[in-house]
Every structure is written in structure tokens, then in C-alpha cells.
Amino acid sequence: MNHNQIEKLYGLLKGFNTVMLVTMDEGSGCHARPMAVAHVDRNADLWLFTSRDSAKVREIETDARVQVLGQEGWTNCVVLAGRATVEADRALIRELWKPAFKVWFPGGAEDPNIVLLHVRGERAEYWDNTGMNRISYLYQA
């Protein structure tokens, strides 16, 4: 994927406050749930907050493959497939913390149960329908 495509993907991902995270579980095969976006790196990696004792953490520790889906009405859609890791870096948790996350973590950034999910994209497909023509890109890392 060229620099312009990475920048476009980054810009689209930055526009999503919430995405759907899909993990693999042993029962049904996959499990999807909405997640608030904590941060998007310039290389289009995603960071999401979660609880250390959540099902998604257990699923990622068993099978790191994930998909992230973001959609904004009929204009933008992103599907990012990759691998996730669970990160407990307290300094990074404090750096990425937003007051809005208190809804899920009333104890704030110092809550010992908070961890980050770091999603590293391996493949992405996105559609940008904001112009006259539909544009679709696929990349593989």
C-alpha cells in the first residue's frame, strides 16, 4: 500500500469514535462487539481500552486474529483484519485516557483492571463514497 493509501486509511479510521471488534471464540467461531476507539497510530494501528478480565482478552490470548469494522452512514466504511495483543503499559494507558472512558471505567486511568488492545492491521479494505465515484482500496501489510 502506498503512502497516500495509508494516509487515507488513517484518516478514515480517525473519523470513527466507535468500531465493531470481532474476535475468534471457541464456541460460535466469532464474537463481535462495539468498542470506543482510544487512538489511531499514523500507520493505522488501533488502540482500544478494555477490562483485563473480559471475554475479548481471553479470546485474543487464545487466537490473536481480529477484524475491526467501522462505518459512517453511507459515506465511509473500513474493514481492517489483523492481530491484536493485550498491553498493560500504565504510562500508555494514562497517555491515551479520555474522560469519556469513565463511563466504563469509573476508577479512571489508574484502574488496575484496564488494559489496552493493540490491533495491528495486516489487511484492509475501505470505501470512500464522499466523492462522485465510489473508491475502494485493498492492501496487505
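To keep things clear, this report deals only with the structure shown in the data block. Just so it is clear, the model here is predicted, and its values are computed rather than measured.

## Notes on the overall build of the protein chain
Within the protein chain, the secondary structure is distributed over 3 helices and 7 strands. Along the protein chain, from the amino end to the carboxyl end, the secondary structure elements read α-β-β-β-α-β-β-α-β-β. If you line up the protein chain on its principal axes, its C-alpha atoms span 50 × 35 × 25 Å. Put simply, 60% of the contacts in the protein chain that link residues at least 6 apart link residues at least 24 apart. With 16 positive and 18 negative side-chain charges, the protein chain shows a separation of 2 Å between the mean positions of the two kinds.

## A short note on the pattern of salt bridges
Using the criterion set out here, one finds 5 salt bridges in the structure. One salt bridge connects Glu7 with Arg42, and the closest N-O pair in it is separated by 2.7 Å. Taken together, the residues span a long stretch of sequence, with Glu7 in helix α1 (residues 3-14) and Arg42 in the loop between β2 (31-40) and β3 (46-51) at a distance of 35 residues. Across the pair Arg65 and Asp63 runs a salt bridge, and its minimum N-O distance is 2.7 Å. Look at Asp63 and you get buried, because its relative accessible area is 18%.

## Topic: helix α2 (residues 55-62)
All of the buried residues along α2 are Lys56, Val57, Glu59 and Ile60. Looking down the long axis of α2, one finds its buried residues gathered within 165° of arc, a one-sided arrangement. Relative to its buried face, α2 has exposed residues pointing more than 90 degrees away, namely Glu61 and Thr62. Summarising the contacts, the buried residues of α2 are in contact with β1 (18-23), β2, β3, β4 (65-72), β5 (76-87) and β6 (114-128).

## Section: the environment of Pro112
Residue placement: Pro112 occurs in the loop between α3 (90-96) and β6. Distance from Pro112 to Arg52, taken between C-alpha atoms, is 8.5 Å for residues 60 residues apart in sequence. Those residues in contact with Pro112 that lie beyond four places of it in its chain are Arg52 and Arg90.

## Focus: unusual backbone geometry
Positive phi outside glycine occurs at Ala44, with the angle close to 75°. The residue Ala44 is located in the loop between β2 and β3 in this model.

## A few points about the packing of aromatic side chains
Tallying each qualifying case throughout the model produces 4 aromatic pairs. Centroid distance Phe49 to Trp97: 5.7 Å. Interplanar angle 80°. Geometry classified as edge-to-face. Of this pair, Phe49 sits in strand β3 while Trp97 sits in the loop between α3 and β6, and the two are 48 residues apart along the sequence. With a relative accessible area of 6%, Phe49 lands in the buried category. Ring geometry for Phe49 against Phe101: centres 5.0 Å apart, planes inclined by 55°, an arrangement best described as tilted. Within this pair, whereas Phe49 is found in strand β3, its partner Phe101 is found in the loop between α3 and β6, the two being separated by 52 residues in sequence.

Calculation criteria
- Residues numbered from 1 in each chain as written.
- Predicted model: local features only at pLDDT ≥ 70, side-chain atom pairs only at ≥ 80, totals over all residues.
- Heavy atoms only, no water.
- Helix = DSSP H or I, 4+ residues; strand = E, 2+ residues; numbered from the N terminus.
- Contact = heavy atoms within 4.5 Å.
- Lys, Arg positive; Asp, Glu negative; His and termini not counted.
- Charge placed at Lys NZ, Arg CZ, Asp CG, Glu CD.
- Salt bridge = Lys/Arg side-chain N within 4 Å of Asp/Glu carboxyl O.
- Buried < 20%, exposed > 50% of the residue type's maximum accessible area, 1.4 Å probe, protein only.
- Arc of directions from axis to C-beta.
- Phe/Tyr/Trp six-rings, centres within 6.5 Å; stacked < 30°, edge-to-face > 60°.

In short, the description is geometric, and any link to function would need to be established separately.
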